[in-house]
Amino acid sequence: MALVEVEHLSKRFVAKRSLWGRALRHVHAVEDVSLYVKEGETLSLVGESGCGKSTLGRCILRLHEPTSGSVKFRGIEITKLPPRELRTLRREMQIIFQDPHGSLNPRMTVRQTLAEPLRVHGIVTSKGEEEDRVAELMRRVGLRPELMNRYPHEFSGGQKQRIGIARALTVSPKFIVADEPISALDVSIQAQIVNLMRDLQEELGLSYLFIAHDLAIVEYLSHRVAVMYLGRIVEEAAARDLYREPKHPYTQALLSAAPVPDPKREKKRLVLAGDVPSPLAPPPGCAFHPRCPIAQRGLCDVERPELRPIGEGRRVACHLAR
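First, a word on scope: everything that follows refers to the structure included in this document. (Residues numbered from 1 in each chain as written. Predicted model: local features only at pLDDT ≥ 70, side-chain atom pairs only at ≥ 80, totals over all residues. Heavy atoms only, no water.)

### Description of the overall build of the chain
Part 1: The number of helices and strands found in the chain is nine helices and twelve strands.
Part 2: Radius of gyration (C-alpha) of the chain: 21 Å, near the 20 Å computed for a compact globule of 322 residues.
Part 3: Overall, the C-alpha framework of the chain stretches about 70 × 60 × 40 Å when taken along its three principal axes.
Part 4: Here the chain, with 322 residues, has 49% of them falling under the buried criterion.
Part 5: Relative to all contacts within the chain whose residues are 6 or more apart in sequence, the contacts with residues 24 or more apart total 63%.
Part 6: By element, 49% of the accessible surface of the chain is carried by carbon and sulfur atoms, the whole surface being about 16200 Å². (Helix = DSSP H or I, 4+ residues; strand = E, 2+ residues; numbered from the N terminus. Rg over C-alpha atoms; globule rule 2.2 N^0.38 Å. Buried < 20%, exposed > 50% of the residue type's maximum accessible area, 1.4 Å probe, protein only. Contact = heavy atoms within 4.5 Å. Areas by Shrake-Rupley, 256 points an atom, 1.4 Å probe, with all protein chains shown as cover.)

If you want it as structure tokens, here you go:
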């Protein structure tokens, strides 16, 4: 059984209200998304900026309340859980934020940052136990425990993200949403953080929903990959299969844009026409059809494709994909 199951999840934000408070326009941030994450695996979510990846991750954790749909954790429907029961469940579901500089309270030391969830959830009962637990967490993410009384501004960006990872681990979760955890870091530091996350997964049996832009990192870290476009999943497959033979035209364009480390090797680019449509007014039919090089009039601009199975363990939302 999957650890996390998401079915037909949608999230709309009000973009404009009338003078009387009635919603007039909505931003379609996430639209009818279904996916799952198994225990001990990494499902990566990729796509252009603004396609709804972070919103989806936050809806799964109920940091945003979904407009509709279902989210189950270990078979428990969490979208309707009352606050007291949800608080108990939060010990098993955590998030690593994108910005290591903005996600830490500048007025709290590392010790205070890591000790707060320990106290809130009743994991420690004494100052000595608290200090031992904080020291253990810091060692686990590669930081020296003697630095626990320092403030965030005294650390580098990579060290701050290690603190963010340690904070997510304080309550011993089983599922972590990693919301672009390396995008704000130097390239040399990114590899260290990704390797740390991979080691923690093997050691602790963690499951990740890994949100990212860097396709090379995604290939290295992922078991499965879901590609998102304008709030919808357009392709989902095992990482090896998706990188070897992408089926959806948007996935093909994304992979063709990824840089190749060998300067002598030429790579054919699939350049998309136009811009991403506005989520305020998604196009009819397939949302990708205004930019798709193989779109057919009378089909792609009229009928919206649903995710359908193609081969073993792969789903594609495209009328023409085979």
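Read on, since the account is not over.
### Focus on the packing of helix α5 (residues 157-169) against helix α6 (residues 187-204)
Packed helix pairs are specified by the crossing angle of their axes together with the interaxial distance, meaning the distance between the axes.
Part 1: The contact between α5 and α6 brings their axes to 10 Å, and the two run at 20°. Compared by their axis directions, α5 and α6 come out roughly parallel. When you trace α5 past α6, the crossing you get is right-handed. Contacts between α5 and α6 pair Gly158, Gln161, Arg162, Ile165 and Leu169 from the former with Ile189, Gln192, Ile193, Leu196, Met197, Leu200 and Leu204 from the latter. (Axes fitted to C-alpha atoms, helices over the stretch in contact; angles between N-to-C directions. Parallel < 35°, antiparallel > 145°, perpendicular 65-115°, else oblique. Left-handed = near helix turned anticlockwise from the far one by under 90°.)

### Notes on the sheet that holds strand β12 (residues 315-316)
Part 1: The eight strands lie next to each other as β6-β7-β8-β3-β9-β10-β12-β11, forming an open sheet whose pairing is mixed. In this open sheet, the two edge strands, each paired with only one partner strand, are β6 (93-96) and β11 (308-309).
Part 2: Sheet analysis places strand β3 (residues 42-46) next to strand β9 (residues 224-229), joined by four bridges and oriented parallel. The residue bridging leucine 43 from the neighbouring strand is arginine 224, located in β9.
Part 3: Packed on one face of the sheet, helix α1 (residues 53-60) meets β3, β6, β7 (175-179), β8 (207-212) and β9 and runs near 155° to β8.
Part 4: With respect to the sheet, α5 is in contact with β6 and β7, its orientation differing from that of β6 by roughly 175°. (Pairing = 2+ DSSP bridges.)

### Notes on α1
The α-helix advances 3.6 residues per turn, and as a result positions three or four apart in sequence lie on the same side.
Part 1: Of all eight residues making up α1, six are buried, and the element is well covered by its neighbours.
Part 2: Taken residue by residue, α1 has Lys53, Thr55, Leu56, Gly57, Cys59 and Ile60 as its buried positions.
Part 3: Arginine 62 sits one or two positions beyond α1 and adopts a positive phi of about 65°.

### With respect to the nonpolar core
Part 1: Within the largest apolar cluster, 57 residues are counted, with the highest numbers of intra-cluster contacts made by Met138, Ile165, Leu169, Met197, Val225, Val227 and Tyr250.
Part 2: If we ignore the near neighbours within four places in the chain, the residues touching valine 227 are Val46, Arg232, Ile233, Val234, Glu235, Leu242, Tyr250, Thr251 and Leu254.
Part 3: Grouped together as the second largest cluster of nonpolar side chains are 31 residues, Leu43, Phe73, Leu81 and Phe175 included. (Core = buried A, V, L, I, M, F, W, Y, C linked by side-chain atoms within 4.5 Å.)

### A word on the packing of aromatic side chains
Part 1: Counted according to the given criterion, the structure contains three aromatic pairs.
Part 2: On the basis of an interplanar angle of 85° and a centroid distance of 5.1 Å, the ring pair of tyrosine 229 and phenylalanine 288 is categorised as edge-to-face. Taken together, the positions of tyrosine 229 in strand β9 and phenylalanine 288 in the loop between α9 (249-257) and β11 put the pair 59 residues apart, joining distant regions of the chain.
Part 3: A relative accessible area of 3% places tyrosine 229 in the buried class.
Part 4: Taking the relative accessible area as the measure of exposure, phenylalanine 288 reaches 2% and is therefore buried.
Part 5: Measuring from ring centre to ring centre gives 5.5 Å for tyrosine 250 and phenylalanine 288, while their planes differ by 65°; the resulting arrangement is edge-to-face. (Phe/Tyr/Trp six-rings, centres within 6.5 Å; stacked < 30°, edge-to-face > 60°.)

### Observations concerning the environment of arginine 12
Part 1: Structurally, arginine 12 can be placed in strand β1 (residues 4-17).
Part 2: A relative accessible area of 28% places arginine 12 in the partly exposed class.
Part 3: Between the alpha carbons of arginine 12 and histidine 26 there is a distance of 5.9 Å; along the sequence they are 14 residues apart.
Part 4: Setting aside residues up to four positions removed in sequence, arginine 12 forms contacts with His26, Val27, His28, Glu31 and Thr67.
Part 5: A distance of 3.3 Å separates a polar atom in the side chain of arginine 12 from a polar atom in the side chain of histidine 28.
Part 6: There is a polar contact of 2.7 Å between the side chain of arginine 12 and the side chain of glutamate 31. (Polar contact = N/O pair within 3.5 Å; in protein donor to acceptor, adjacent residues only side chain to side chain.)

### Quick look at the sheet that holds β1
Part 1: Taken together, four strands build an open sheet; the order of strands is β2-β1-β4-β5 and the sheet is antiparallel. With partners counted over all chains shown, the strands left at the sheet margins are β2 (23-37) and β5 (76-77), one partner each.
Part 2: Note: strand β4 (residues 68-73) against β5, two bridges, orientation antiparallel. Pairing of lysine 72 across the sheet is with glutamate 77, part of β5.
Part 3: α1 contacts β1, β2 and β4 of the sheet and is inclined by roughly 115° relative to β1.

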